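# Survey of secondary and tertiary structure
This is what each chain is made of:
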Amino acid sequence: MDDALIIAGKRFRSRLLIGTGKYPSHEVMKRSHEASGAEIVTVAVRRLDLNAKGEASLLHWIDTGRMTLLPNTALCYTAEEAIRTCRLAAELGMSKWVKLEVLGDERTLFPDVEQTVAAARQLVKEGFTVLPYTSDDPVTARKLEDAGCAAVMPLAAPIGSGLGIRNPHNIRLIREGVKVPVIVDAGVGTASDVSIAMELGCDGVLLNTAVAGARDPVRMAGAMKLAIGAGGVPRRAHPPQGLRSRVEPPRGTGRLRLPRLIVLTDWTLPEERHRAALEAVAGLGAEVCIQHRDPGTPIRAFLERARWLADLVRSGGAQLAVNGRLDVALLLGAHLHLPVDGPRPDEVRAHLPPDRWISAAVHSPEELTRAAGADAFLVSPVHPPGSKPADRRAALGPEGFGLLAARAAPTACFALGGMTPARLRALPPCAGVAVQSAILAAERPAEVARAFLDVLPGGGGSTAGRRGRG
């Protein structure tokens, strides 16, 4: 079977593309390139030392007889800057094949899609073969294809984050929506992420930090070479009917990545302290979810705060859940929490992408039945909540929580209400904990959050039982 990657009519045996930054030395970079088997290598034009000669020059260490040079426009923030950088690369004799990057944000390095499309149109007119770094938006991908790009390169996660493919549903939609090659670019952390990209139907993967930042870059490069081949086999071999990739499972049979710690917002607190606490815990990664609760607030203010939280969790790698607002959850790509008086999980399930989980509030066995179909239950109050006057409902206590959790099995249960690390230790085993005042009122919120995580089982994050988890 001819499994060549074809871009703009040119054939490549490898579907792996590799970068040149962050390596401990040029020699290690060269050996890593060889181990990867990659035939396309990208170089940041604006980071090149054009005065360097011989072994001091990065380009000296790239085997251009075997590898196609792909100059990129990293550090460009406007279409004009990117176009000038591509012209410079061509004048230097590097290549008229270019990886187009037009960044829109210095902190997250997310692309400015409007400027990217504008630059792509002009560069195509000037005869460049354009491979653009873009968001995971299917509409933008089609615009770039219409502009004449030879491929589209959606991010898996923020550049250098190593978080893996955060939105596989959108990557699949891009693959289904364009005819040019789709190459996942940015956010790949390890070999399994490469295989997942290929199982989703992507044509290739471009990576850099996952190899260059590894303790043994050469060995990691070899692993990526194996992964890109292994991930492409299931797609080409056509699995038996009814069997689908784990990266986009049918609802109710897959595995979603649930957090272990949920931090509930409280916008009645002094704003500066509240936001500082949320910023501190958002940097702890995907094991932490911030749940946006803002009862009674007009939708405009609710949405503005939710947008701020969405930016915050992206930069820190945490998760975001929205309380009771399906429209806001869909707009921001967040998970959804359903209060007792909200819709049932099975009423909203079809509207959410497959990689988004639903949690539901539960206070009694009767409410367990109503909340059936959720991926997780927030069981409360375990103890009288510390962030507000005593709840009208009687506290469940450790024994009551344990009984409800046993009845809920195998659905994950989170303990909510007056929780502290010490109280969590005395609780029957649970998937996670939901906290408000213990963290938001703490002098060192991140330290308290870590204390909760230390008590919970599974240092790498829990996985849900037979119901969907992701």
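Provided above is the structure to which this section pertains.
Reading guide: rules and limits
Residues numbered from 1 in each chain as written. Predicted model: local features only at pLDDT ≥ 70, side-chain atom pairs only at ≥ 80, totals over all residues. Heavy atoms only, no water. Helix = DSSP H or I, 4+ residues; strand = E, 2+ residues; numbered from the N terminus. Buried < 20%, exposed > 50% of the residue type's maximum accessible area, 1.4 Å probe, protein only. Contact = heavy atoms within 4.5 Å. Areas by Shrake-Rupley, 256 points an atom, 1.4 Å probe, with all protein chains shown as cover. Phe/Tyr/Trp six-rings, centres within 6.5 Å; stacked < 30°, edge-to-face > 60°. Axes fitted to C-alpha atoms, helices over the stretch in contact; angles between N-to-C directions. Parallel < 35°, antiparallel > 145°, perpendicular 65-115°, else oblique. Left-handed = near helix turned anticlockwise from the far one by under 90°. Nonpolar A, V, L, I, M, F, W, Y, C, P; charged D, E, K, R; others polar. Pairing = 2+ DSSP bridges. Core = buried A, V, L, I, M, F, W, Y, C linked by side-chain atoms within 4.5 Å. Right-handed = clockwise from strand over helix to strand, strands pointing away. Salt bridge = Lys/Arg side-chain N within 4 Å of Asp/Glu carboxyl O.

Now for the overall build of the protein chain. Within the protein chain, the regular secondary structure consists of 17 helices and 18 strands. Among the 470 residues that make up the protein chain, the fraction classed as buried is 54%. Intrachain contacts of the protein chain at a sequence separation of at least 6 include 65% that bridge at least 24 residues. Accessible surface, the protein chain as shown: approximately 20900 Å² in total, 51% of it carbon and sulfur.

Throughout the structure, instances matching the rule amount to 2 aromatic pairs. When the centroid spacing of 6.0 Å and the interplanar angle of 75° are considered together, the rings of F12 and W97 count as edge-to-face. Linking F12 in strand β2 (residues 10-12) with W97 in strand β6 (residues 97-100), this pair joins segments that are 85 residues apart in sequence. Here F12 and W97 have matching classes, each one buried. Ring geometry for W267 against W308: centres 6.4 Å apart, planes inclined by 75°, an arrangement best described as edge-to-face. With W267 in the loop between β11 (261-264) and α9 (271-282) and W308 in helix α10 (residues 299-316), the pair connects residues that are 41 residues apart, well separated along the chain.

By the element assignment, R273 lies in helix α9. For the pair R273 and L440, spaced 167 residues apart in sequence, the C-alpha separation works out to 8.0 Å. Leaving out residues up to four positions away in the same chain, R273 has contacts with L440, A441, A442 and E443.

Here we take up the packing of α9 against helix α17 (residues 445-455). For the pair α9 and α17, interaxial distance at closest approach is 8 Å and the crossing angle is 45°. Judged by the inter-axis angle, α9 sits oblique to α17. Considering how the two elements wind past one another, α9 and α17 form a crossing that is right-handed. Contacts between α9 and α17 involve A277, A280 and V281 on the former and, on the latter, P445, A446 and A449. Of the residues belonging to the contact of α9 with α17, the class tally is 6 nonpolar, no polar and no charged.

The strand order around the closed barrel built from 8 strands is β11-β12-β13-β14-β15-β16-β17-β18, with neighbouring strands paired in parallel fashion. Taking the axes of each pair of neighbouring strands and ignoring which way they run, one obtains an average angle of 25° across the sheet. Relative to strand β18 (residues 432-435), strand β17 (residues 412-416) runs parallel, the two sharing 3 bridges. In the strand pairing of β18, F414 is matched with G432. Against the sheet, α9 touches β11 and β12 (288-292), its axis set at about 145° to β12.

It is worth spelling out the nonpolar core at this point. Generally speaking, nonpolar side chains in soluble globular proteins are found buried as a group. Counting residues in hydrophobic clusters, the biggest one holds 60 residues, and the most contacted among them are V205 and L207. Considering every element that reaches this core, the biggest residue donor is helix α2 (residues 79-91), with 5 residues. Residues contacting L207, with those up to four places away along its chain left out, are L16, L17, I18, G19, V188, V194 and M224. In terms of nonpolar packing, the next biggest core, distinct from the first, is built from 54 residues, A282, V313, V379 and A415 among them.

All right, on to the pairing of β17 then. In terms of residue burial, β17 counts as a mostly covered element, since 5 of its 5 residues are buried. Residues A412, F414 and L416 line one face of β17 and the alternating positions C413 and A415 line the opposite face, and both faces are buried. In terms of strand pairing, strand β16 (residues 376-379) meets β17 through 4 bridges, oriented parallel. When the bridges of β17 are listed, A376 appears paired with A412.

This paragraph deals with the pairing of β16. Here is the key point about a regular strand: its side chains alternate between the two faces of the sheet. Across the two faces of β16 the burial is the same, with A376 and L378 and F377 and V379 all buried. Here strand β15 (residues 358-362) runs beside β16; their pairing, made up of 4 bridges, is parallel. Following the sheet pairing, A360 is matched in β16 by F377. With helix α13 (residues 365-370) bridging β15 and its parallel neighbour β16, the resulting β-α-β unit is right-handed.

Backbone torsion omega between S380 and P381 reads -10°, so that peptide bond is classified as cis. Examined against the element boundaries, P381 turns out to sit in the loop between β16 and α14 (397-408). Cis geometry marks the peptide bond from A409 to P410; its omega dihedral reads 10°. Structurally, P410 is set in the loop between α14 and β17.

Under the counting rule described, the total for this entry stands at 17 salt bridges. R219 is paired through a salt bridge with D216; the nearest N and O atoms lie 3.8 Å apart. Here D216 falls in the partly exposed class, since its relative accessible area comes to 38%. Taking the shortest distance from any N to any O, the salt bridge between D294 and R305 comes out at 2.8 Å. With D294 in the loop between β12 and α10 and R305 in helix α10, this residue pair connects regions lying 11 residues apart in the sequence. The class of D294 is buried, set by a relative accessible area of 9%. Each of K99, E101 and D185 takes part in a single network of salt bridges with overlapping partners.

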